[in-house]
Amino acid sequence: MLSVEEARQQMLNTIPVLPTEKREILSSSGYVLAEALHAEENIPPFDNSAMDGYAVRAADVQNASETKPAVLTIVETIAAGYAPTKQVETGQASRIMTGAMMPEGADAVVMQEVTQREGDTVKIFEGIDKTGNVRFTGESVADGQQVMGKGKYLRPPEVSMLASLNRPEATVYRKPTVAIVSTGDELLLLGEPLEPGKIRESNRYGLYAQVEEAGGIPIDMGIAPDDEAEIERIFRAALAKSDALITSGGVSVGEHDFVKSVLERLGEVNFWRVAMKPGKPQAYGISDGKPIFGLPGNPVSSLVVFELFVRPALLKMAGHTELLRPTFKATLTEPITNRDGRVNYMRAILKESNGDYTAETTGPQGSGILHSLVLANGLITIPAGVTLGAGETVDAQFLF
Ligand code: AMP
Ligand code: MG
């Protein structure tokens, strides 16, 4: 049996990064940059004031105080968006607004709060160092400087930066479109009345939300019955319109588990024996360059296997290089025994206290008990065959 880390690495090695596309700046958030971006201008493009106040020569006000203010003659008012027209000479000042261009001759800005205007003059009650309250040309980004590298994830600050760099569009990696199919004769659609033997279908909805959370574009392909020909037809249709396929259920060893045999006909598919709980039976493969994930049907297994395997794969397809959520140590608040020979990913409530984390499990951990995930904000990893006491530490990660 493969460990989670081994299986994940083998799988990730085969995952393709999708081709690039150009995206308009307003729809670029959430994509990964596929080009390095250099500044072609200085930011800011000119020396300007960081305050509303008076542009002065620092030497003129160096001895100014509450009792002995410096008195300067105002030569003009410079508003943001306009260029100064007068030079500031000794004994003079220009009224200046935040973001307005510094006038020649001035080397500092005294903030309005320590001044008093009197007609054409201003009293300055405090000295200021040379360059005080001045924002310099190129101090944020210098002309020619690389600002964002290939692989940079575009969050709101990066989108803002695209605009600062005068880029109306950016070259990014495509987001994967991901088809989702649930299988099982027992599954009811939303709104259908309960009948003996039937249950409400839930995995498709959870997987849809997980694909979105991972930055993919989900495509709902509905429910396939436990019928081999029908499963094959729906899987082929799903692959035809997506970059990746996720199937739920039918991949175990039951008499009606046809997903395996269908997946074998669709491409190069391996049936994994991954040493983890929940979520043992899983299939992974590639069909025509498109990844296929055969997830187990149990609701917790489906969500946890997605989190540990499918999410990093979708991130890689979208151009990310950081694929895994950070892990950290958490202290158990209760004893836990894992008699199984497989690592157990348990659903837990992780709480911060004084810089450390504690972990408390969310009750019954059966792989069908979806409520245990609803109550959790993270997963903790209990190694195979150990008994841990309260106060011992385990690896933990936040979910979603
Ligand atoms: P399977 O992997 O098909 O053998 O299903 C394992 C368990 O998960 C069974 O109890 C199924 O009824 C349940 N199950 C399978 N698919 C879903 C689904 N899409 N939504 C909710 N439960 C499911
Ligand atoms: Mg089934």
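Anything mentioned here points back to the structure above.
The structure contained in this document is the topic of the report that follows.

Some points on unusual backbone geometry
Phase 1: Look at the link from Ile43 to Pro44: it is a cis peptide, with omega at -5°.
Phase 2: Structurally, Pro44 can be placed in the loop between β2 (37–38) and β3 (48–49).
Phase 3: Its identity is not glycine, yet Thr131 carries a phi of approximately 75°, on the positive side.
Phase 4: Along the chain, Thr131 falls in the loop between β9 (121–124) and β10 (134–135).
Phase 5: When its relative accessible area of 43% is taken as the criterion, Thr131 is described as partly exposed.

A closer look at the side chain of Glu201
Phase 1: Residue position: Glu201 is located in the loop between β15 (199–200) and α4 (203–213).
Phase 2: Of the residues examined, Glu201 reaches a relative accessible area of 5% and is grouped as buried.
Phase 3: At 2.5 Å, the side chain of Glu201 and the side chain of Ser182 are in polar contact.

Concerning the site of ligand 1
Phase 1: Near ligand 1, the surroundings consist of 15 residues, among which Glu186, Glu201, Ser202, Gly250 and Gly297 are the closest.
Phase 2: One nitrogen or oxygen atom from the main chain of Gly250 is found 2.8 Å from an oxygen atom belonging to ligand 1.
Phase 3: A distance of 3.2 Å separates an oxygen atom of ligand 1 from a polar atom in the backbone of Asn298.
Phase 4: Most atoms of ligand 1, that is more than half of them, are within 2 Å of grid points of the largest pocket.
Phase 5: Tallied by class, residues from the shell around ligand 1 come to 3 nonpolar, 9 polar and 3 charged.

Some points on the layout of surface pockets
Phase 1: Considered as a void within the structure, the largest pocket measures approximately 450 Å³ in volume.
Phase 2: Forming the boundary of the largest pocket are 30 residues, of which Gly249, Gly250, Pro296, Gly297 and Asn298 lie nearest the centre.
Phase 3: Of all the secondary structure elements, the ones that give two or more residues to the lining of the largest pocket are β13 (177–183), β15 and α7 (299–317).
Phase 4: In the lining of the largest pocket, the residues fall into 7 nonpolar, 15 polar and 8 charged.
Phase 5: Surrounding the second largest pocket, 16 residues form its lining, Tyr153, Arg311, Leu315, His320 and Glu322 being those nearest its centre.
Phase 6: Sorting the residues of the lining of the second largest pocket by element identifies α4 and α7 as the ones contributing at least two each.
Phase 7: Each residue belonging to the lining of the second largest pocket can be placed in one class, and the counts come to 7 nonpolar, 3 polar and 6 charged.

Comments concerning the sheet that holds strand β4 (residues 53–56)
Phase 1: Reading across from one edge, β7-β4-β6-β5-β9-β8 is the order of the 6 strands in this open sheet, with mixed pairing throughout. Across the chains shown, the open sheet's two edge strands, defined by having one partner strand only, are β7 (108–111) and β8 (115–118). Each adjacent strand pair in this sheet contributes to an overall mean axis angle of 40°, direction not counted.
Phase 2: Where β8 lies against β9, 4 bridges are found, and the strand directions are antiparallel. By the bridge assignment for β9, Thr115 is matched with Ile124.

Here's the deal with the packing of aromatic side chains
Phase 1: One pass over the structure, following the stated rule, counts 6 aromatic pairs.
Phase 2: With 5.3 Å between their ring centres and 40° between their planes, Phe328 and Phe398 make a pair best called tilted. Taken together, the positions of Phe328 in strand β22 (residues 328–332) and Phe398 in strand β28 (residues 393–398) put the pair 70 residues apart, joining distant regions of the chain.
Phase 3: An angle of 80° between the planes, with centres 5.7 Å apart, marks the rings of Tyr357 and Phe398 as edge-to-face.

Digging into the sheet that holds strand β21 (residues 290–295)
Phase 1: Pairing in this open sheet of 6 strands is mixed, and the strands run β16-β13-β17-β21-β20-β18 from one edge to the other. At either margin of the open sheet sits one strand with a lone partner, and together these are β16 (217–224) and β18 (268–273). If you compare each strand with its neighbour and ignore which way they point, the axes differ by 15° on average.
Phase 2: Sheet topology note: the β13/strand β17 (residues 244–248) ladder contains 5 bridges and is parallel. Residue Val178 lies in a different strand from β17, and its bridge partner there is Ala244.
Phase 3: Here α4 sits on the sheet and contacts β13, β16, β17 and β21; the angle it forms with β16, its principal contact strand, is near 165°.

Notes on the nonpolar core
Phase 1: The biggest cluster of nonpolar side chains holds 36 residues, and the ones touching the most others in it are Met11, Ile246, Met276, Phe293, Phe306 and Phe309.
Phase 2: Taken together, the elements giving at least two residues each to this core come down to α1 (4–13), β13, α4, β17, β21 and α7.
Phase 3: Looking at this core element by element, the count peaks at 12 residues for α7.
Phase 4: Every residue in contact with Phe309, bar those within four places of it in the chain, is listed here: Val4, Ala7, Arg8, Met11, Trp272, Val274, Met276 and Gln282.
Phase 5: Counting residues in each nonpolar core, the second largest holds 19 residues, with Ile219, Ile231, Val259 and Val269 among its members.

Topic: the pattern of salt bridges
Phase 1: According to the stated counting rule, one finds 18 salt bridges in the structure shown.
Phase 2: With its nearest N and O atoms 2.9 Å apart, the salt bridge here joins Asp395 to Lys329. Taken as a pair, Asp395 in strand β28 and Lys329 in strand β22 lie far apart in primary sequence, 66 residues in all.
Phase 3: According to the relative accessible area criterion, Asp395 is partly exposed, its value standing at 33%.

Rules used in this analysis
- Residues numbered from 1 in each chain as written.
- Chains lettered and ligands numbered in written order.
- Predicted model: local features only at pLDDT ≥ 70, side-chain atom pairs only at ≥ 80, totals over all residues.
- Heavy atoms only, no water.
- Helix = DSSP H or I, 4+ residues; strand = E, 2+ residues; numbered from the N terminus.
- Buried < 20%, exposed > 50% of the residue type's maximum accessible area, 1.4 Å probe, protein only.
- Polar contact = N/O pair within 3.5 Å; in protein donor to acceptor, adjacent residues only side chain to side chain.
- Near = heavy atom within 4 Å.
- 1 Å grid on protein atoms, 1.4 Å probe; cavity = no way out; pocket = protein on both sides within 12 Å on 5 of 7 lines; lining within 4 Å.
- Sits in = over half its atoms within 2 Å of the grid points.
- Nonpolar A, V, L, I, M, F, W, Y, C, P; charged D, E, K, R; others polar.
- Points joined across faces, edges and corners; volume = space filled by probe spheres on them.
- Pairing = 2+ DSSP bridges.
- Axes fitted to C-alpha atoms, helices over the stretch in contact; angles between N-to-C directions.
- Phe/Tyr/Trp six-rings, centres within 6.5 Å; stacked < 30°, edge-to-face > 60°.
- Contact = heavy atoms within 4.5 Å.
- Core = buried A, V, L, I, M, F, W, Y, C linked by side-chain atoms within 4.5 Å.
- Salt bridge = Lys/Arg side-chain N within 4 Å of Asp/Glu carboxyl O.

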